[in-house]
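Descriptive structure summary
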Amino acid sequence: MSANTFSGNFKDKQYKFILFVAGDEPNSMMARQNLADLCEQELKGRSQIKIVDVMEDFDSAEAHNILLTPTLLVQNSSPDIMVIGNLNNRKKVRAALHLPLE
Amino acid sequence: MNVSDSVPAAAPESAKQAIPKIPTHIRGLDAILHGGLPKDRTTLFSGGPGTGKTLLAMEFLYRSALAGEPGLFISFEEQAEDIRANVLSIGLDPGNLEKAGKMKVLHFQIPHGAVRAGDFNIQGLLTLIKGNLNALGATTIVLDALDVLMRVFNDPEREREEMYILNSWLREQSLTAILTVKSMAGKKPSYSFLDFMADCIISLDQRITEQVRTRRLNVVKYRGSGFLSNEHPYVISPHGVVLMPVSAVSLEFPAGKKRISTGNTIFDKIIGGGFFQGASILLAGPSGSGKTTLAVTFTRAACNRGEKTLFISFEESREVLVFRSKNIGIDLQQDVDADRLRFLTLLPETAGVEQHLLWISDAIDAFGPDHLVVDTISACRRMGSRSAVFDLLLRLVVICRQKEITCLYTNQIDVMPEVTHISGLKISSVVDTLAALYYQDDGTKICRRLLVVKSRGSNHSMKYHPFVITGQGIDMAFSDNNGEQIKNQEG
């Protein structure tokens, strides 16, 4: 586990997401929906999502070494957090983002 | 090892050209593959750790790039700098080709801290491959240690699906692809389903027998093509991977070659006129029977004619051989000084058959001799396997035949009736001439005799011929059909 610490009130934390997708294949569509849901439900007003389609944007895919899709890159702290998959497993996603236990 | 096993899987001339191939330019491999690897198709290199899959794949890409076909090398296991450093050991310098835009070496891996949260696929990889290939203008790719990437799925079913997608995509894009995967010796390969996807499968194996490492390459399958079906020993040399395959074609007897002297005029008569240039001769007999003496007699005579001889010794150093020869009136020093005679002294325990074969082959290429002497081939049993003697002899016979080099082998055997066999295998069909030397010490004198067991294409004597070794060399007797005796005047 990388040492991702932050100071200050959790409720103020901003999340910067880049979601790498592969066109409109099923896993990528699910990831888009899941991420949108999570942001709407738990990070309202505190998140910024950028969608990158690797099939259109090779340079971005290469810059971030994206081998698997969909991949969610969380760019809050150093190093980036990488979450691979369609994000159906909400528990794992929350844990990766260090969101407090429900 | 049976000579008939070397006959290639039946492939008429027309079928051999049926599928387009890319030559590998790896020494010996294109002969085994009947031309090269399948173009626009997928080949699998499978083998355990240390077998050289990565080196072999890199050498293919490298030599292709040199030949004008740029390529992409992606490793899922090693860093690019490490790969570049490793292949320097086999004489390849990809850095230069990369600078010239002919090649690219990349390392891809999933970051260590990445979390899995749901299903995913390899589309990102395909995008990266495509983009890099486009930038290079290449259609040749190596995916090294693909099994390391596939572990991320943690599910054999998903792995299989994604591999299928990868293979289809490679095919669709008309890419010549080499995938390397690990397999454990003796166990069923973990990617056995790949067998159905790949058009060509090459399996690499290494084992240690009696403390000597031997490497074997085996073409498991090659769709649409013939290939040499044996296990082929290979060496990872400082100049690349080297294979020296045997094929049935190379064992044809060279007809109509000129006769050369055995070094002894009586022996010439006994054998029906001398040896044929380019033939293979085996002298078998117990220790002390005069094999080496006959070998140096032949050598001296050849050098005297201005011909070059390469003398391979597994037992004695050049100094000892020259000294012992001098004692029987044969001056080899003059031939050494004139560089008509070179010695190569090898210690069998140091390496396996294929490495020795490579050293000898390189020495032959460097010197360009007319004749090769090997004293004594039986020492090869110390190379790590009982079949090593037969193995080395057969391959040397092939090499020399192709170059029309006369080769004379001595074989030390202690049980005389077995002259026709080596390592339990019938040697007499492989060599052109086979002579046995007999040695009897009855307490008052030593009786030496020579018998020509066979000599292809020659009307040779079928009798035992007594001889002695004097201070002026070999003194042999020959009785012709009229009972008239001729003896060597001067050895």
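To keep things clear, this report deals only with the structure shown in the data block. (Residues numbered from 1 in each chain as written. Chains lettered and ligands numbered in written order. Predicted model: local features only at pLDDT ≥ 70, side-chain atom pairs only at ≥ 80, totals over all residues. Heavy atoms only, no water.)

**Quick look at the sheet that holds strand E2 (residues 47–53) of chain A**
Backbone hydrogen bonds are what pair the strands of a sheet, in a parallel or an antiparallel way. The five strands are arranged E2(A)-E1(A)-E3(A)-E4(A)-E6(B) in an open sheet whose pairing can be described as mixed. Two strands close off the open sheet at either side, each with one partner strand: E2 of chain A together with strand E6 (115–116) of chain B. The sheet strands contacting helix H1 (residues 26–42) of chain A are strand E1 (15–21), E2 and strand E3 (71–74) of chain A, and the helix crosses E1(A) at an angle near 165°. (Pairing = 2+ DSSP bridges. Helix = DSSP H or I, 4+ residues; strand = E, 2+ residues; numbered from the N terminus. Contact = heavy atoms within 4.5 Å. Axes fitted to C-alpha atoms, helices over the stretch in contact; angles between N-to-C directions.)

**What about the interface of chain A and chain B?**
Across the contact, 25 residues belong to chain A and 24 residues belong to chain B. Considering only the side of chain A, the residues that lose the most area to chain B are Leu67(A), Leu68(A) and Ile84(A), jointly responsible for 34% of the buried surface there. At the boundary of chain A and chain B, one finds zero salt bridges. In this structure, the connection of chain A to chain B is made through eleven residue pairs in polar contact (both at pLDDT 80 or more). When residues of the side of chain A that touches chain B are traced back to their parent elements, those giving at least two are helix H2 (58–63), strand E4 (81–84) and helix H3 (90–96) of chain A. Of the residues assigned to the side of chain A that touches chain B, the class counts are 15 nonpolar, seven polar and three charged. By the bridge criterion, two bridges tie E4(A) to E6(B) in an arrangement that is parallel. (Buried area = accessible area lost by both parts, 1.4 Å probe. Salt bridge = Lys/Arg side-chain N within 4 Å of Asp/Glu carboxyl O. Polar contact = N/O pair within 3.5 Å; in protein donor to acceptor, adjacent residues only side chain to side chain. Nonpolar A, V, L, I, M, F, W, Y, C, P; charged D, E, K, R; others polar.)

**Points about the sheet that holds strand E4 (residues 71–75) of chain B**
Residue and element names in this part refer to chain B. Across the sheet, nine strands lie side by side as E5-E4-E7-E8-E3-E9-E10-E11-E12; this open sheet has mixed pairing. Looking along the sheet, the strands with just one partner apiece sit at the ends: strand E5 (103–107) and strand E12 (240–243). Pairs of neighbouring strands in the sheet enclose a mean axial angle of 20°, with direction left out of account. Relative to strand E8 (residues 176–182), strand E7 (residues 140–144) is paired through five bridges, and the arrangement is parallel. Bridge assignment links Ile-141 to a residue of E8, and that residue is Ala-177. Contacts from helix H6 (residues 123–136) reach E4, E5 and E7 within the one sheet, and its direction differs from that of E4 by about 145°. Helix-sheet contacts for helix H14 (residues 353–367) involve strand E10 (212–222), strand E11 (231–237) and E12, and the interaxial angle to E11 is about 60°.

**Focus on the side chain of Arg448(B)**
All names here are of chain B. With respect to the element layout, Arg-448 can be found in strand E23 (residues 446–455). Despite its burial, Arg-448 pairs with no opposite charge, the nearest such side chain being Asp-441 at 9.2 Å. Here Gly-288 takes part through its backbone oxygen, which lies 2.6 Å from a polar atom of the side chain of Arg-448. Those residues within four positions of Arg-448 in sequence are excluded, and the remaining contacts are Gly-288, Ser-289, Gly-290, Tyr-438, Tyr-439, His-465, Pro-466, Phe-467 and Ile-469. (Buried < 20%, exposed > 50% of the residue type's maximum accessible area, 1.4 Å probe, protein only. Lys, Arg positive; Asp, Glu negative; His and termini not counted.)

**Notes on the pairing of strand E16 (residues 309–313) of chain B**
Side-chain positions along a regular strand alternate between the two faces of the sheet. All names here are of chain B. With respect to burial, E16 is a largely interior element, five of its five residues being buried. Where burial is concerned, the two faces of E16 agree: the one with Thr-309, Phe-311 and Ser-313 and the one with Leu-310 and Ile-312 are both buried. As defined by bridge partners, E16 adjoins strand E17 (residues 341–345) across five bridges and the pair is classed as parallel. Note that in E17 the partner of Ile-312 across the bridge is Leu-344. Across five bridges, the pairing between E16 and strand E18 (residues 371–375) is parallel. The residue of E18 that forms the bridge with Ile-312 is Val-374.

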